Amino acid sequence: MSWILGTLATATGFAGVLSLYRSWRLPLPKPTHWRRLGWILLVLSLIAWLWAQPAEFAVCFALTVPALLAWLWIGWASPDRQPARDTKLEQRTLNWPRLRVLGEQLLKLVISVPLAGLASALFSFAVTDLLPWEAVNRLVTGVLMMPVFWGLASYWVLADTRLWRPTLVLITTGALSAGYLFLL
């Protein structure tokens, strides 16, 4: 019975993907009935997967199987995109950036990856050390918070026009957090 529901769920998911593809390929103004039918079929596919498998497998299958089928469909339905044999490619030389620009980008890399990572790790563990939880819970919370702080810090480093502001804040935050963690 499970394989029948799995086959039904796969077919329903594929029909939903084809319906969404059809809605995408129609000229403007696009009618909405193909799009609605596609989403309804994908939801029905999820329901069929839920009947066929446990919930964690059903959600995984409902997300991956239509995506894989969509890739197969796009690969099969797309025209041959190879260039003509007699087409000559234009020869170009490699343009290296100026040394100053290269140095600035390397400095941003050093600040946004190791410095921001170290500062965010120290800050997240200093913050979680203040929580009144057990050590295991604090450790897990710190591990989960650290990539968020690291991403925010790296984004700030790369988005700010003045590099000294995020660098100064990262060094200060890291030093204060390290002082709290290792000296107090």
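S.K.: For this particular structure, what's the right way to read a positive patch on the surface?
M.R.: Taken together, the side chains of Arg-25, Lys-30, Arg-35 and Arg-36 make up a positively charged region of the molecular surface. Checked against the element boundaries, Arg-36 lands in helix α2 (residues 33–52).

S.K.: What is the right way to look at the packing of aromatic side chains in this model?
M.R.: The description of an aromatic ring pair uses the distance of the two centres, along with the angle that the planes make with each other. For the coordinates displayed, the defined rule picks out three aromatic pairs. Taking the centre distance of 5.0 Å and the plane angle of 45° together, the rings of Trp-49 and Phe-61 count as tilted. You can see Trp-49 sitting in helix α2 and its partner Phe-61 sitting in helix α3 (residues 55–77), a full 12 residues away along the chain. According to the relative accessible area criterion, Trp-49 is buried, its value standing at 7%. We classify Phe-61 as partly exposed; its relative accessible area is 29%. Seen from their ring centres, Phe-123 and Phe-149 are 5.1 Å apart, and the 65° between their planes marks the pair as edge-to-face. Here the residue Phe-123 occupies a position in helix α4 (residues 99–129), and Phe-149 occupies one in helix α5 (residues 135–159), the gap between them amounting to 26 residues. Phe-149 sits in the partly exposed class, given a relative accessible area of 26%.

S.K.: What is the right way to look at α4 in this model?
M.R.: Along an α-helix, residues three or four apart share an orientation, since each turn contains 3.6 residues. Between its first and last C-alpha, α4 extends 44 Å over 31 residues, near the 45 Å set by a 1.5 Å rise per residue. At Ala-116, α4 shows its maximal kink, close to 35°. Among all positions of α4, only Ile-111, Ser-112, Ala-116, Gly-117, Ala-119, Ser-120, Ala-121, Leu-122, Ser-124, Ala-126 and Thr-128 are buried.

S.K.: Whenever I open this one, the pattern of salt bridges confuses me. Can you help?
M.R.: When charged atoms on two side chains of opposite charge get close, those side chains can pair. The full count for this structure, using the stated rule, is two salt bridges. The shortest N-O distance in the salt bridge between Glu-104 and Arg-100 comes to 3.2 Å. On the criterion of helical spacing, the pair formed by Glu-104 and Arg-100 is a turn pair, its members being four residues apart in helix α4. Here Asp-160 ties to Arg-165 by a salt bridge, and the two come within 2.6 Å at their closest N and O atoms. Among the residues examined, Asp-160 registers a relative accessible area of 13% and is labelled buried. Judged by relative accessible area, Arg-165 falls into the partly exposed class, the value being 31%.

Basis of the calculations
Residues numbered from 1 in each chain as written. Predicted model: local features only at pLDDT ≥ 70, side-chain atom pairs only at ≥ 80, totals over all residues. Heavy atoms only, no water. Patch = residues over 30% accessible without salt bridge, like charges linked within 9 Å, V, L, I, M, F, W, Y side chains within 5 Å. Areas by Shrake-Rupley, 256 points an atom, 1.4 Å probe, with all protein chains shown as cover. Salt bridge = Lys/Arg side-chain N within 4 Å of Asp/Glu carboxyl O. Lys, Arg positive; Asp, Glu negative; His and termini not counted. Charge placed at Lys NZ, Arg CZ, Asp CG, Glu CD. Helix = DSSP H or I, 4+ residues; strand = E, 2+ residues; numbered from the N terminus. Phe/Tyr/Trp six-rings, centres within 6.5 Å; stacked < 30°, edge-to-face > 60°. Buried < 20%, exposed > 50% of the residue type's maximum accessible area, 1.4 Å probe, protein only. Expected span 1.5 Å × (residues − 1). Bend = angle between axes of the 7 residues up to and from the residue.

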